[in-house]
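Read off the chains here:
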Amino acid sequence: PRYVYRFGGGVDDGGKGDKNLLGGKGANLDGMASIGLPVPPGFTITTEMCTRYYVDGEVFPDSLRAEVASGIAHIEGVTGKKFGDKADPLLVSVRSGARVSMPGMMDTVLNLGLNDETVEGLAAASGDARFAWDSYRRFIQMYSDVVLELDHGAFEEALEIAKEDHGYTLDTELSAADWKALVGEYKKIVLDQWKKPFPQDVHDQLWGAISAVFGSWQADRAKVYRRLNDIPGDWGTAVNVQAMVFGNMGDTSATGVAFTRDPSTGENVYYGEFLINAQGEDVVAGIRTPQYLTKAARERAGAKAASMEEAMPETYAELARVFQILEQHYRDMQDIEFTVQQGKLWMLQTRSGKRTAKAALKMAVDMAGEGLITQEEAVARVDPSALDQLLHPTLDPAAERDVLTKGLPASPGAASGIVVFDADTAERRNEMGDAVILVRTETSPEDIHGMHAAKGILTARGGMTSHAAVVARGMGRPCVSGAGSLSIDAKAKILRVAGRELVEGDIVTIDGSTGEVMSGAVPTVQPELAGDFGTLMVWADKVRRLKVRANAETPLDCKTAREFGAEGVGLCRTEHMFFDAARITAVRQMILADSEKGRREALDRLLPEQRSDFTEIFLVMAGLPVTIRLLDPPLHEFLPHEEAEFEDVATAAGVGIDVLKRRASELHELNPMLGHRGCRLGVTYPEIYEMQARAIFEAAIDVEEHSGTAPIPEIMIPLVATAKELELMKAIVDAQAKAVFAERGTTIEYLVGTMIELPRAALKAGEIAQSAEFFSFGTNDLTQTTIGISRDDASRFLGTYVDKGIFPRDPFVSIDVEGVGELIQIAAERGRETRPEIKLGICGEHGGDPASIAFCEATGLDYVSASPYRVPIARLAAAQAAL
Ligand code: PEP
Ligand code: MG
């Protein structure tokens, strides 16, 4: 096979440029050459060579020598210079270029081809000895660093000493003789560290650099990066060898970087920086302040130094023309590197530019409007997860941050407020007008009111599906969970972190999108939901097949969900309604009662409350389907702790405190997640589910009578393992329906279904579907029970699991397709065999994760359900999955 592809000077061996073969950089150099843009001539050694290099035991085939020689000859032909020529030497750059840009690999060597003789030739040919010796010392330094891998500190030190000796402060003060002397020092450093003199043969230099690029593919840094970013090891990297052009040959030379549109706002304006008389690295290194590209940008910034548009109007016009051609050709915003050598523009690189979420959205919508791309392409271009950034306040990127620690990015958005250590204080301080951040070791359902009152939640323990994370996402509150380096003494109201102590009232900022926890208030920027966002959502809705519902249990959450486009409620967790301050005593009375009669008394008090919960939700959802899950959590979560709480219950129930305490300790469970919860509550205390079913039917009829629109309740039984359990629970629900319909003299439509969140339920789905009209996959519990990893404790070790590649991603965040996914497929198949029209959805946290949504689309589910703020993400991800 052929391993070398030439480009430039009217040649483009690679045609339009195949990224897999030529790497990203090589493909785009070839692509630019193929459309006639000014690219310095060069050649690319393919990624296939890299792969073969390793297969053959890190040697090059003989044929490569000849191919590289013809590549060099091509460059020599176009430039009219000879590699190694003492009079007017050809210099080249050598760069790596994988399919995707990959930090951790050898990057760039410039000015290759200089040695003790050619440097004199360069000095003579350019008429600038200072430039020549400066180029040579840069080359030795770079080559020693990236190819020979010597300690670069020694070179910097030598430069510092030279400047000190002469009393210089700036590099620009060094003369030709100074640089020449420094070259001598640099060569000594090489000899000292490498035990061999700096290579003088230009071909040895070239092969050294080529080997170093291929060698860097298997460097530890590169391997780690590949593992973290799912890049296969056999992709290999390409090597690009290209004629040098110089931006540091006087005032008609320059170098710069540019974007064809503003990468932070997405505006359709050129954006970039350049420096006159400089080399590329100078722009990046920040030694001199770069100048603006356009006059408008310079004026907007109030800067004095002339923009490129003003300083070099003709070259700028040429550059602007290139921008247009590149956008038309690549049909995307381009990130460009260019150099001007004595008035002549050269393009060194182009690639699709990185952009903020906001810019991605604006560019996609604009480009579809301009006809550059289709609406479907626009939908495909925006990363759904990045929408998170747009739907929540974010930290002002310009603001300073004093980072205390980092936890898990559990619920996106940024918030600042005073530290408080318990839910009641959170509520009280919120009422006093304070912005509060609720800081807990972990949260429990009892903290809900405090979480509501807080601007953000910070926990020391718990993973991405911990209580704090799930509830915070549902409420749209920023949350950082599992910040393990926090030590929280809630009693003493002290938070210790990074050797510092914070007390109640101290201000912190959390960023739930990155997991950062900062001291003090960091300014935030508010989201914009109008315009482009809405447009893209409309386009997404045109292509998606999956319906999108929301997990919501309050009228407010339901309203938010509808504003974000939810087409129903996929999970209303009724237990959250039980923690309301006005009801908790009755709930506790119910739990602590030791007889059915006692329980029924308490339930009678709860019935009207539940009815009004459902009425409000049905009204907001206006005829859309609402899946209501009957009580699920282990009962002990509701137990009183404080003396005063026991007293309240004792008064309400008319029994002694001692009796209650005994009963409370009887309810204690060793493993509550696998204990007396889910439908097991309905099996042992049917009156609880009776009350809830009755409340649902009464509310539904009330709403129909009141609004004229009949809600369609979907009543969902949690944690079912066997068909018999569901049969029994369905009988309870149907009996309540019958009773209520008889009392009210009317009927409404309803469905009874179940969650599939235990492996046994997935396997026996065929039987379960005999009584289930729908399945909703509760993938939080299904993941927990399939893998046998506690969702509340997983964060302590899952990170290591992901690092070691045991799981590609946290299985509580992105569905474990191979394991949990197979159970879902089995359940879907067996359920449909029994009941072809069975409705299938997912309501675990995975319902808002784009990769998991793609799996749901592939499995043919009917809908996904996500927390309200993730509904737009789910809509976009569902559209992309359908494309
Ligand atoms: C689940 O287990 O996936 C689920 C949605 O229920 P919960 O998170 O309330 O246990
Ligand atoms: Mg569950």
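Because the structure is predicted, anything quoted here is derived from the model rather than measured.

Attention now moves to the overall build of the protein chain. Of the regular secondary structure elements, the protein chain holds 35 helices and 34 strands. The dimensions of the protein chain, computed from C-alpha atoms along their principal axes, are 105 × 60 × 55 Å. Split into buried and exposed, the 883 residues of the protein chain put 51% on the buried side. For the protein chain, the share of sequence-separated contacts (at least 6 apart) that also reach a separation of at least 24 residues comes to 68%.

The next thing to look at is the environment of aspartate 262. Within the fold, aspartate 262 resides in the loop between strand S9 (254–259) and strand S10 (271–276). Judged by the 21 C-beta atoms lying within 10 Å of it, aspartate 262 is buried. For the pair aspartate 262 and glycine 97, spaced 165 residues apart in sequence, the C-alpha to C-alpha distance is 25 Å. In this structure, aspartate 262 is in contact with Glu267, Val269, Tyr271 and Ala359, ignoring residues within four places of it in sequence.

As a matter of local geometry, ligand 1 sits amid Leu571, Arg573, Asp632, Glu757, Gly778, Thr779, Asn780, Asp781, Cys843 and Gly844. Here the element with the most residues in the shell around ligand 1 is helix H31 (residues 779–787); it accounts for 3 residues. Here the residues of the shell around ligand 1 are counted per class, giving 2 nonpolar, 4 polar and 4 charged.

What the domain assignment reports for the protein chain is domain 1 (4–243), domain 2 (254–355), domain 3 (393–525) and domain 4 (544–882). Look at where the C-alpha atoms of domain 3 and domain 4 centre, and you get two points 27 Å apart. If you look at the interface, domain 3 gives 16 residues, while domain 4 gives 23 residues. Put simply, the parts of the chain that give the side of domain 3 that touches domain 4 at least two residues each are helix H18 (448–453) and helix H19 (467–475). Per-element tally for the side of domain 3 that touches domain 4: the top contributor is H19, with 3 residues. In terms of residue class, the side of domain 3 that touches domain 4 is made up of 5 nonpolar, 9 polar and 2 charged.

Time to look at the UniProt feature "binding site: substrate" (unreviewed entry) in the protein chain. The feature "binding site: substrate" (unreviewed entry), as annotated in UniProt, sits at Arg573, Arg629, Glu757, Gly778, Thr779, Asn780 and Asp781 in this numbering. With respect to the element layout, arginine 629 can be found in strand S29 (residues 625–629). When the 27 C-beta atoms within 10 Å are taken as the criterion, arginine 629 is described as buried. Those residues in contact with arginine 629 that sit more than four places away from it in its chain are Leu571, Cys572, Arg573, Thr574, Met716, Pro718 and Met755. As for its position among the elements, glutamate 757 is in the loop between strand S31 (751–756) and helix H29 (759–763). When residues no more than four places from it in sequence are discounted, the contact partners of glutamate 757 are Leu719, Gly778, Asp781 and Leu782.

The next subject is the packing of helix H5 (residues 129–147) against helix H7 (residues 176–194). Axis separation between H5 and H7 bottoms out at 8 Å; the angle between their running directions is 20°. As summarised for this structure, H5 and H7 are arranged roughly parallel, according to the angle between their axes. When the axes of H5 and H7 are compared, the crossing they make is left-handed. Contacts from Ala129, Arg130, Trp133, Asp134, Tyr136, Arg137, Ile140, Gln141 and Ser144 of H5 reach H7 at Ala176, Trp179, Lys180, Leu182, Val183, Tyr186, Lys187 and Val190. Grouping the amino acids of the contact of H5 with H7 by side-chain chemistry returns 10 nonpolar, 2 polar and 5 charged.

The residues that UniProt annotates with the feature "domain: PEP-utilising enzyme mobile" (unreviewed entry) are residues 435–515. Secondary structure content for residues 435–515 is 19% helix and 35% strand, while the C-alpha to C-alpha distance between its ends is 19 Å.

Ranked by size, the top nonpolar core spans 218 residues in total, and within it Ala364, Leu536 and Val864 carry the most contacts. In terms of residue count, helix H27 (residues 686–707) provides more of this core than any other element does, 11 residues in total. The contact partners of alanine 364, leaving out residues within four places of it in the chain, are Ala378, Arg381, Val382 and Leu536. One finds Ala410, Val436, Val480 and Leu502 within the second-largest nonpolar core, a separate group that totals 46 residues.

With that settled, the discussion passes to the packing of helix H14 (residues 357–370) against helix H16 (residues 384–391). Direction vectors running N to C along H14 and H16 enclose 110°, while the axes themselves pass 8 Å from each other. As the angle between them shows, H14 and H16 are arranged roughly perpendicular. Where H14 approaches H16, its residues Ala357, Lys358, Ala360 and Leu361 are matched on the opposing element by Ala386, Leu387, Gln389 and Leu390. Class assignment for the residues of the contact of H14 with H16 results in 6 nonpolar, 1 polar and 1 charged.

If you trace the 6 strands from one edge of the open sheet to the other, you get S2-S1-S3-S8-S6-S7, paired in antiparallel fashion. In this open sheet, the two edge strands, each paired with only one partner strand, are strand S2 (11–12) and strand S7 (108–112). Across 4 bridges, the pairing between strand S3 (residues 42–45) and strand S8 (residues 237–243) is antiparallel. The residue of S8 that forms the bridge with threonine 44 is asparagine 240.

Here the focus is the sheet that holds strand S28 (residues 569–573). Taking strand neighbours around the barrel as the criterion, the 8 strands line up as S27-S28-S29-S30-S31-S32-S33-S34 in a closed arrangement whose pairing is parallel. This sheet shows a mean twist of 25° between the axes of neighbouring strands, independent of strand direction.

Position of proline 38 among the secondary structure elements: in the loop between helix H1 (19–34) and S3. A count of 15 C-beta atoms within 10 Å places proline 38 in the partly exposed class. Once residues lying within four places of it in the same chain are set aside, the contact partners of proline 38 are Leu345, Trp346 and Met347.

Here glutamate 58, not a glycine, exhibits a phi torsion of approximately 60°, which is positive. A positive phi angle, near 45°, is found at glutamine 342, a position not held by glycine. Counting through the fold element by element, glutamine 342 comes out in the loop between strand S12 (334–341) and strand S13 (344–352). The partly exposed category is assigned to glutamine 342, around which 13 C-beta atoms lie within 10 Å.

Okay, the confidence of the model for the protein chain next. In this model, the protein chain carries a mean pLDDT of 93, and residues with pLDDT of at least 70 account for 99%. Reported confidence for the predicted complex is 0.99 by ipTM and 0.80 by pTM.

Another point: the environment of arginine 401. Mapped onto the elements, arginine 401 comes out in the loop between strand S14 (394–395) and strand S15 (403–406). Exposure remark for arginine 401: the 16 C-beta atoms within 10 Å place this residue in the partly exposed category. Here the alpha-carbon distance between arginine 401 and valine 517, two residues 116 residues apart in the chain, equals 9.2 Å. The contact partners of arginine 401, leaving out residues within four places of it in the chain, are Met518 and Val522.

Turning to the pairing of S8, a few remarks are in order. Of all 7 residues in S8, 7 are buried, a share of seventy percent or more. Because side chains alternate across S8, one face comprises the buried residues Thr237, Val239, Val241 and Ala243, and the other comprises Ala238, Asn240 and Gln242, equally buried.

In this section: helix H24 (residues 643–653). Among the residues making up H24, those that are buried are Phe646, Val649, Ala650 and Ala653. Looking straight down H24, one finds that the buried residues subtend no more than 105° of arc, so they occupy a single side. Across from the buried face of H24, at angles greater than 90 degrees, the exposed residues are Ala644 and Thr651. Where H24 is buried, its residues touch helix H22 (584–592), helix H23 (596–621) and helix H25 (657–666). Glycine 654 occupies a position one or two residues after H24 and carries a positive phi of about 70°.

Scoring rules and cut-offs
Residues numbered from 1 in each chain as written. Chains lettered and ligands numbered in written order. Predicted model: local features only at pLDDT ≥ 70, side-chain atom pairs only at ≥ 80, totals over all residues. Helix = DSSP H or I, 4+ residues; strand = E, 2+ residues; numbered from the N terminus. Buried ≥ 20, exposed ≤ 12 C-beta atoms within 10 Å, placed from the backbone. Contact = placed C-beta atoms within 7 Å. Near = placed C-beta within 6 Å. Nonpolar A, V, L, I, M, F, W, Y, C, P; charged D, E, K, R; others polar. Domains from an automatic or database assignment. UniProt positions renumbered as here; feature names shortened; annotations may be inferred. Axes fitted to C-alpha atoms, helices over the stretch in contact; angles between N-to-C directions. Parallel < 35°, antiparallel > 145°, perpendicular 65-115°, else oblique. Left-handed = near helix turned anticlockwise from the far one by under 90°. Core = buried A, V, L, I, M, F, W, Y, C linked by C-beta atoms within 7 Å. Pairing = 2+ DSSP bridges. pLDDT = per-residue confidence, 0-100. Arc of directions from axis to C-beta.

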